Structures are given as C-alpha cells and as structure tokens.
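So the chains spell out like this:
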Amino acid sequence: MREKTRILRFSVFDRLFHLFIMVTFLIQAVTGMGRLLYATTWGKWVVGLFGSYETATAIHNTVGILMMIAFAVHIVYVLFKVEWRTPGKRLFHPDSLVPRFQDVVHLGQKIRWFLGLGPPPQFDRWTYWEKFDYWAVFWGLPLLGVTGLVLMYPVGASRYMPGWSLNVMLLLHRAEALLAMLYIFIIHFSIGHLRRGMFPMNECMFAGSVELEKELKEKPAWIARLQEDGRLEEVMVPGPPTWYRVMYFVFGYAVLTVGIYLLIVIINYRNYIEWH
Amino acid sequence: MSAKGRVIFSLALLCLSLLVAVPAPAQEEVTSSIRRYREREASTGYYEEYEVKPRRVRPFVGVPGVGRKPFPYSPGAAEIRTRTYLADSHRGLEFYAMRRCEDCHVAEAKHSHTVRGNVTCRQCHGGEPIASINHYFSPLNPIRRHAYVCAKCHEGANASFATFMVHEPPAAAAATRKTFPSLYYTNWFMYLLIVGVMGFFILHSLVWISKEFYHQVMEKKRKPEDERKDQNSAL
C-alpha cells in the first residue's frame, strides 16, 4: 500500500471531461486552422493529411457535435453536483467554481504582490484564474457550438434568421476559436506548466491529486479549511502508479507539442488569418 | 373669324389639348415604372417581354448607404453606381476583352467560394455580357438570386439564404459601419475581447513566472550561506 501523501483535487469525471476536451479541442484546432489557412501551402498540407477539404470539414463537424453532446452531459453532471436543498450556500461555497467577490479581492492582492507591496493571497480550492479558465470554456463552447451548427446547415438556418447573419456567425466562430487557441496555448500552458514547482509538468489533471506540501504553498486556505472541518484525512490519496505516470507524461507532452506547434503556425501565418 | 371668335376658338383648343396631350414623363408608363409595367404584364399576359429601366434617381433623396445629402456622390461615382443597373455592366470599358476579372476585382477574387470551393466568377455572374447585379434580368438580381445562382449548389436555397454576402466588406473598414453595421460592431467586440484577455493574462503570467523564478534563484543563492551560518552558530 502506497503512502497517502497527496490531496485529491479532481474526481474521475472531472479528469475524463478534461481529457475529452483536450483531444477534441486539438482535433478542432488542427482541422479548423488547416481550413482557415487553406490559401497557404501549410493549410493545404494539413488538410491533405485528412484526405480532402470535405473530409476535414466532416471531421470538424462531427467532433463539434460530439463536443456539444459532452457539454450537455457536463451540464447534467454539474446540476447533479449542486445540493438543491441549500443552493445559495452551496453555489457560493469555496468548493464551487461560481465566481465570488473574494476572487476580485484575491486578484487585487495578487497584483499588490506582483508590485512587491504585500504578501501573496491565501487561495482556497479554486483560484480566480482557474475559475476564469472554466468559465471561458463554458461560454466559448456554446458560442462555437451554436455558430458552428448554423454554419454547418446554412440553408436550414437561413429559414430562421437572415442569411447575412451567417457572415456575423462566421466572424464570431473564427474570432472565438482564435481567442480560445491563443488563450490555451499561451496562458493555460504557461500557468499550468511553466511556473516554478510546476515545471516539467503539472500532473494534477491526470493524477487527480497534488502533493500536500505543494498545495500548502499554493492553496493554504483550502488546507486550513479542510483541517478545521477535520476532513483532510478523507481527501488524502496515494500517488499514481508509475506506468500511469509514464503514460500521461508521454500523452501530455504530445498535446503540448501540437499546441505549441499550432501557436507557431498562428504567429507565422498571422497575415493570412482572415477571421471574417 | 372675328377677334372674339379667335379667342373662343383658341380657348377651346386649349381645353381640348388638356384632354389630348398626355405629359411627356407619363408616356414611359410601360418601360420606366415597375409597378405600371407589372400592371401591363398582368393585363396582357405577356411577362418579362420588355427591359425595364430603373426608377429615376431623385437628386434630393440619395441612395441607401451613401448618405442623405443634396448631392451625395460625385458624377464619377454616379457613373459607377448606374453600372449596377446595366445589361452589360462593363459597357464602354477600354480593352475589356483583354482583361481578366481579378485584374480589376482584386479583393472580390479572394473569397471563400473561390479559394475553398473552386467556384469561378462566371459560375455565378454568368457569361458575357455580364449583367449588373441590379439589372432586371440579371441572375444575381436579389429577386431571383437564390433560385438562379445559390441553388445551383446549395439545394433548397431561399431568398434569406441569398442575402449572405459572398463578397463581404472588410469588417474593420470604416465604411462597413454603414454598409454592414452588425459585422462591424461584432468585429470590434471580438477584437477588444481578444486584445483585452490576452493583454491582461500575458502580462499577468509574465510577471508571475518571472517573479517566482527570481524567488527560486534567490532562495538557492541564500541557502548555502544560511547553512554555513547555522553551522557556525552550532560550532
């Protein structure tokens, strides 16, 4: 029996949702960027990897529908997680991802710390940037999904809206996708993996747990709250087995490589990106 | 005829002339006013037999999207504008036969239908002479565009579908604010969103990562000295 030195942060469902969105997001990014840059040699090459423009579009559309189904499943999952007897208490609990006034205070304290004017904020379970990550995807997915669905069936959609609104939808779809890629490949990657103590890789989303020592520095208020409630022992888990670690290190680095490569492509072909 | 008789006669002629002479503008009732032309079509049973000229441009009314000024466009611009009603939109252009579409229509040649769908100009705009889009018989006239052009590929295309702008204006251009406001403002919204989010978070992570890195280096530097101090104090 391995020693329980780690604190559980993500359930199996959370990790599966993250794994799903990692894979589907990358497929969408590659098939989308290839078609966006179809006028360039790179775009033609990437689309060629999938066979043809039509095949790349079909993959993009199918994966998009899968993502929307997963989003619906996620909403059902979240609704089951809320304790409906005391929703007010539960929704604004530190264990919830709903933004609180405390997050604004934490951001202020963080900026104060950046300027060397005070101590770093004492984070609870979810920090403000983690909440931003979550809600950015939460509003981005339906936006991309609805605009994508409209562009998927333009003739049918134009029965319910003027055809010129498809021009606007196309702009929204491309701009939002570009924002999502830039945010994930620059901000999400660097906050997750480049920071001190995180550097080779932040294993939390795969292992589901973090070393208690590390979390004492990162989220002191959370640990303190758990100790106060006497629930710290309940959430302690042993570390992941070695074979699993090897697997997710290889997978994680493959994903990072594709993401950074796409980021380089975006920067390299910035003049060819027409988002409208 | 007496003088009195002449006056009566000329007055009678004048009265008769009111009944006989129809004012000149009204004589174009068949060819210039669409409404009356439709009436003629309905009464005769002959449809689309004559070419119908557009309504006269009224100088004090202006054209949608151009501005309501007494003289909203220059004579040169007016010449171009009237080209949107011609049976041969390129009428009178020098060396027209030697030119390619994209020589003049540079931006129009780079849109998704051409770049992705391999659609050529003539597949939508038709062969020579290429009619102006607003010409009454043009396949691209909005009254039949969906059926004559769009539906060739997009099965079941309707009039609403045909309002999709294939040659859409550049979303960030100032003129787009008047010609396609929703596109213009959406573009600005997304642009500010991207610049705002990325600007804030890039700065945020840069400061954060470098500050943590600095602390790490300083701790590493300090550690040996501290250990030595501890050893000294222990001694």
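Residues numbered from 1 in each chain as written. Chains lettered and ligands numbered in written order. Predicted model: local features only at pLDDT ≥ 70, side-chain atom pairs only at ≥ 80, totals over all residues. Heavy atoms only, no water.

Participant: Would you take a moment to explain the overall build of chain B for this structure?
Facilitator: Check the secondary structure of chain B and you find 9 helices and 0 strands. Helices (α) and strands (β) of chain B occur, in sequence order from the N terminus, as α-α-α-α-α-α-α-α-α. Residue burial in chain B is summarised as follows: out of 235 residues, 21% are buried. Taking all contacts inside chain B whose residues are at least 6 apart in sequence as the whole, residues at least 24 apart take part in 31%. Summed over all atoms, the accessible surface of chain B reaches about 17,200 Å², with 62% contributed by carbon and sulfur. (Helix = DSSP H or I, 4+ residues; strand = E, 2+ residues; numbered from the N terminus. Buried < 20%, exposed > 50% of the residue type's maximum accessible area, 1.4 Å probe, protein only. Contact = heavy atoms within 4.5 Å. Areas by Shrake-Rupley, 256 points an atom, 1.4 Å probe, with all protein chains shown as cover.)

Participant: Any chance you could explain the pattern of salt bridges here in plain terms?
Facilitator: For side chains of opposite charge, pairing can occur when their charged atoms come near one another. Residues and elements named next belong to chain A. On inspection of all chains with the given rule, the structure shows 14 salt bridges over all chains. Among the salt bridges present, the one from Glu130 reaches Arg9, with a minimum N-O distance of 3.0 Å. Of the two residues, Glu130 sits in helix H6 (residues 128-152) while Arg9 sits in the loop between strand E1 (6-8) and helix H1 (12-36), which places them 121 residues apart along the sequence. Residue Arg125 pairs with Asp95 through a salt bridge whose shortest N-O separation is 3.4 Å. Here the residue Arg125 occupies a position in the loop between helix H5 (101-114) and H6, and Asp95 occupies one in the loop between helix H4 (87-91) and H5, the gap between them amounting to 30 residues. Assessed through its relative accessible area of 18%, Arg125 is described here as buried. (Salt bridge = Lys/Arg side-chain N within 4 Å of Asp/Glu carboxyl O.)

Participant: Just checking my understanding: could you explain H6(A) for this structure?
Facilitator: Note: α-helices contain 3.6 residues per turn, so residues at a spacing of three or four share the same orientation. Taking 1.5 Å of rise per residue, the 25 residues of H6(A) would be expected to cover 36 Å, and the 35 Å separating its terminal C-alpha atoms lies within 8% of that figure. Taken residue by residue, H6(A) has Tyr128(A), Trp129(A), Lys131(A), Asp133(A), Gly140(A), Leu141(A), Leu143(A), Gly145(A), Thr147(A), Gly148(A) and Val150(A) as its buried positions. (Expected span 1.5 Å × (residues − 1).)

Participant: Even after reading the chapter, I still don't get the side chain of Ser158(A), so can you show me in this structure?
Facilitator: Tracing the backbone shows Ser158(A) in the loop between helix H7 (154-157) and helix H8 (165-194). Only 2.8 Å separates the side chain of Ser158(A) from the backbone oxygen of Val155(A), close enough to count as a polar contact. (Polar contact = N/O pair within 3.5 Å; in protein donor to acceptor, adjacent residues only side chain to side chain.)

Participant: Can you walk me through the interface of chain B and chain A in this structure?
Facilitator: How big an interface is tends to be reported as the loss of accessible area on association of its parts. Across the boundary between the two partners, chain B contributes 40 residues, which contact 42 residues of chain A. Interface area, chain B with chain A, both sides summed: about 3,900 Å², of which 72% is carbon and sulfur. Linking chain B with chain A are 1 salt bridge. With a closest N to O distance of 3.8 Å, Arg195(A) and Glu212(B) form a salt bridge. For the interface between chain B and chain A, the tally reads 13 residue pairs in polar contact (both at pLDDT 80 or more). In terms of residue count, helix H9 (residues 181-234) of chain B provides more of the side of chain B that touches chain A than any other element does, 23 residues in total. Tallied by class, residues from the side of chain B that touches chain A come to 22 nonpolar, 12 polar and 6 charged. (Buried area = accessible area lost by both parts, 1.4 Å probe. Nonpolar A, V, L, I, M, F, W, Y, C, P; charged D, E, K, R; others polar.)

Participant: Honestly, helix H2 (residues 41-49) of chain A in this entry has me stumped. Any pointers?
Facilitator: All names here are of chain A. Among the residues of H2, those classed as buried are Trp42, Gly43, Val46 and Val47. The arc that holds every buried residue of H2, seen down its axis, measures 125°, which confines them to one face. Packed against the buried residues of H2 are H1, helix H3 (53-81) and helix H12 (242-268). Gly51 occupies a position one or two residues after H2 and carries a positive phi of about 115°. (Arc of directions from axis to C-beta.)

The values are spatial; any link to function lies outside them.
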